[in-house]
Amino acid sequence: MSHFKWWQKAVFYQIYPRSFADGNGDGIGDIKGMTEKLGYLKDLGVDALWLSPHFPSPMFDCGYDISNYEDVAPEYGTLDDFRIFLDSAHAHGMHVILDLVLNHTSDEHRWFLESKSSRDNPKADWYVWVDTPPNNWQSCFDGPAWTFAPERGQYYYHYFMKQQPDLNWHNPEVRKAMWNAARFWLEMGVDGFRLDAIGTIFEDPKLTPHTVPMDLAGLRHFSDIAKTPEERALVEQYWMDMFKYQLGQPGIHELMKELRSVLDEYDGDRMLVGEDDDVTYQGNGEDELSLVFNFPLMRTDQLSPECVRKNQQERIAALAKVSPEAWACNTLGNHDCARVFSRYSASRSGGDAFQDTKLARLNLAVVLTLRGTPFLYNGEEIGMTDYLIPDQARLRDTMATWYYERLVNELKVEPSQAALRAAAMSRDKNRTPLQWRNAPNGGFCPAEVTPWLPVNPNYAEGINVQDQEMDPTSLLTFYRRLLRVRKATPALVEGDYRPVHETSQEVLAFLRSTSDQKVLVTLNFSENQISLDFSDLGVKSARVIYSSTAQVTTDYPQLILNPFEIWIAKLS
Ligand code: NOJ
């Protein structure tokens, strides 16, 4: 029997609750909607669900500002609705993990309300308080990182918005309270957590000022207008320097160990995945996080064979230093970044729009065939694209509305220009409601209801679930098929990774092998037919288990790959 844990074998699917499915027709996604769509998710072939925050929140950061860790946002439903969802997901054979935001709470959380009420209340030391701002630190969302609370006559620290005060994790009472919140959900049966922004939990104890000669709005503006390579390099340097004393500070490992031991009180291999790419947070492979994301793969400008190979070489080497058991986790998109279909599309760089769907298939093939746990983001299975919301009044990402105000009022940018820039940097563009049908509002909510974010009108052009379910050539059909191929092929899940044809610019080729099975994956990223010779592998025959161009017989070890072909075969 395989010794791999469920979360190593699973394909995860991220649900953004506000946009996924609206069960009560009020224009906001909810738990009833999610429960109704479990059959869809099961058919898709995913094994585990990660829910972005579903807790009560004043929604200054779309749920990442939590005002009660042990309840459900009323617009999403009730705790009972959640229990029904969890039990049905389990009954469908799917695991569920929640988003745990450790660094900060909402400023409307009762802990903060009490903490700010005086300097000597029982929770006075639960957040980070100072008499005067000790440095020029910025919040990564909205200007200075220190905000005045008149009730105490002091300033509090926030890495994110001022509505998201940082907890003081040096205080053992904070740890105790948050671990109890985690236990609340673990008792109920959730299978683990995605840990938000763990790198931001501790700050430089010396409070060293940053050295960037501008503030956050200035740096965003400079990033938008920088043109020359020198300016671009400076932008990158400034982003690193601006936050370097507020990120990745000592203390995180100890904290992760503590949380790990909380999860270990429960059976069922509960798991933790950190929103970070530092593999050292996987501890010795057992005592900290189960996984961290391979963000360098997600952040590459262009997914090419060369960059995937380089990424794999670096990640595999880094993981090996952690422990022989340390496991990878690959993703190409989430609720914080441009949609994968828009990011890697050919049409974006002046190419052929027809190629976009082929590239979308290659993208999925990369995450499903590399070694590691794949995370998919809701909507990518139908090729949802970024939607630049034209009316700035309809933006909900406060990071973008804040920037719009600064552009117009401080930097004197013309409002229509500012609106374009705000829409482009906003994360709303990749959080629009899921497009279920070719119907008003994409079938997400009734025609007469205004959804919380506008629906991308391209639902009428075939980018919707219902049309694609009926089309054997659709992206959705392809997702289902490739997910099944992965599940039926142990080497694609458990096998090691060995690159072949390592200098090819066009083709990403690698072997995935277990002691019982050897699988060759070849992904042609070019628009040309490519011939490759695999005689060096010393294996005589290949049985095709998937070809995107329906090539079933080949002259293996000679292979002619069609343009953009995905070709996967068992070798023997
Ligand atoms: C990371 C989350 O993914 C993002 O959406 C959020 O705004 C910040 N952390 C703050 O919680």
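Since this is a predicted model, take the numbers as computed values, not measurements. (Residues numbered from 1 in each chain as written. Predicted model: local features only at pLDDT ≥ 70, side-chain atom pairs only at ≥ 80, totals over all residues. Heavy atoms only, no water.)

## Description of the overall build of the protein
Check the secondary structure of the protein and you find 19 helices and 20 strands. Projecting the C-alpha coordinates of the protein onto the three principal axes gives extents of approximately 80 × 55 × 50 Å. Scored against the burial criterion, the 572 residues of the protein give a buried share of 61%. Across the protein, every contact between residues at least 6 apart in sequence was considered, and the portion connecting residues at least 24 apart equals 68%. Total accessible area on the protein stands at roughly 22,700 Å², and carbon and sulfur atoms take up 51% of it. (Helix = DSSP H or I, 4+ residues; strand = E, 2+ residues; numbered from the N terminus. Buried < 20%, exposed > 50% of the residue type's maximum accessible area, 1.4 Å probe, protein only. Contact = heavy atoms within 4.5 Å. Areas by Shrake-Rupley, 256 points an atom, 1.4 Å probe, with all protein chains shown as cover.)

## Some points on the domain arrangement of the protein
Taken as a whole, the protein is organised into domain 1 (6–102 + 190–208 + 247–386 + 458–479), domain 2 (110–157) and domain 3 (493–571). Taken over C-alpha atoms, the centre of domain 1 sits 32 Å from the centre of domain 2. Between domain 1 and domain 2, the residue contacts involve 6 residues of the former and 8 residues of the latter. Between domain 1 and domain 2, the buried area comes to about 530 Å², and carbon and sulfur atoms account for 66% of it. (Domains from an automatic or database assignment. Buried area = accessible area lost by both parts, 1.4 Å probe.)

## Re the side chain of Asn363
Tracing the backbone shows Asn363 in helix 14 (residues 353–369). Setting aside residues no more than four positions away along its own chain, Asn363 makes contact with Leu303, Leu332, Val340 and Tyr344.

## Remarks on the site of the ligand
Near the ligand, the surroundings consist of Asp61, Tyr64, His104, Phe141, Phe160, Arg194, Asp196, Glu275, His335, Asp336, Arg427 and Arg431. Take Arg194: an N or O atom from its side chain is 3.0 Å from an oxygen atom of the ligand. Separating an oxygen atom of the ligand from a side-chain N or O atom of Arg427 is a distance of 3.0 Å. Computed on the free molecule, the ligand has an accessible area of 300 Å², of which 97% lies beneath the protein chains in the complex. Each residue belonging to the shell around the ligand can be placed in one class, and the counts come to 3 nonpolar, 2 polar and 7 charged. (Near = heavy atom within 4 Å. Polar contact = N/O pair within 3.5 Å; in protein donor to acceptor, adjacent residues only side chain to side chain. Nonpolar A, V, L, I, M, F, W, Y, C, P; charged D, E, K, R; others polar.)

## Some points on unusual backbone geometry
That bond from Tyr556 to Pro557 is cis: its omega, 10°, falls within 30 degrees of zero. Structurally, the position occupied by Pro557 is in the loop between strand 18 (542–547) and strand 19 (558–561). Positive phi, normally seen in glycine, also occurs at Cys62, with a value near 45°. Mapped onto the elements of the fold, Cys62 is located in the loop between strand 2 (48–51) and helix 5 (79–91).

## Let's talk about the packing of aromatic side chains
Tallying each qualifying case throughout the model produces 35 aromatic pairs. Ring centres of Trp50 and Phe293 lie 6.1 Å apart, and the angle between their planes is 35°; on these two criteria the pair is classed as tilted. Of this pair, Trp50 sits in strand 2 while Phe293 sits in the loop between strand 11 (291–292) and helix 11 (295–298), and the two are 243 residues apart along the sequence. Overall, the relative accessible area of 2% leaves Phe293 in the buried class. These aromatic residues form a ring-pair network of at least three members: Phe55, Tyr69, Phe82, Phe85, Trp111, Trp126, Phe184 and Trp185. Looking at Lys37, its charged tip hangs above the ring of Trp436, at a distance of 4.0 Å from the centre. (Phe/Tyr/Trp six-rings, centres within 6.5 Å; stacked < 30°, edge-to-face > 60°. Lys NZ or Arg CZ within 6 Å of the ring centre and 35° of its normal.)

## As for the sheet that holds strand 1 (residues 12–15)
Taken together, the 8 strands give an open sheet; going across it, the order is 11-10-9-3-2-1-13-12, and neighbouring strands pair in parallel fashion. The open sheet has two edge strands, strand 11 and strand 12 (329–331), and neither has a second partner. Lying over the sheet, helix 14 contacts strand 12 and strand 13 (373–377), oriented at roughly 145° with respect to strand 13. (Pairing = 2+ DSSP bridges. Axes fitted to C-alpha atoms, helices over the stretch in contact; angles between N-to-C directions.)

## Some thoughts on the pairing of strand 1
In strand 1, alternate side chains face the same way, and those of Phe12 and Gln14 on one face and Tyr13 and Ile15 on the other are all buried. Alignment of strand 1 against strand 13, held across 3 bridges, turns out to be parallel. Directly across from Tyr13, in strand 13, lies its bridge partner Leu376. Where strand 1 and strand 2 come together, 4 bridges link them in parallel fashion. In the sheet register, Phe12 faces strand 2, and the bridge partner there is Ala48.

## Quick look at the sheet that holds strand 8 (residues 154–157)
Overall, antiparallel pairing links the 3 strands, which are arranged 4-8-7 in an open sheet. In the strand order of this sheet, the two ends are held by strand 4 (129–130) and strand 7 (146–149), each with one partner. For strand 4 and strand 8, the ladder comprises 2 bridges, and the chain directions are antiparallel. The residue bridging Trp129 from the neighbouring strand is Tyr156, located in strand 8.

## Observations regarding the nonpolar core
Residues Tyr13, Phe82 and Phe193 are the most contacted members of the largest nonpolar core, which totals 182 residues. At 9 residues, helix 7 (residues 172–188) tops the list of elements feeding residues into this core. Residues Leu511, Phe534, Leu559 and Leu561 belong to the second largest nonpolar core, which totals 17 residues. (Core = buried A, V, L, I, M, F, W, Y, C linked by side-chain atoms within 4.5 Å.)

## Regarding the state of the cysteines
This model, assessed by the stated rule, comprises 0 disulfides. In this structure Cys329 is a free cysteine whose sulfur lies 13 Å from that of Cys337, the closest cysteine sulfur available. The class for Cys329 is buried, based on a relative accessible area of 1%. The buried category is assigned to Cys337, whose relative accessible area is 15%. (Disulfide = S-S within 2.5 Å.)

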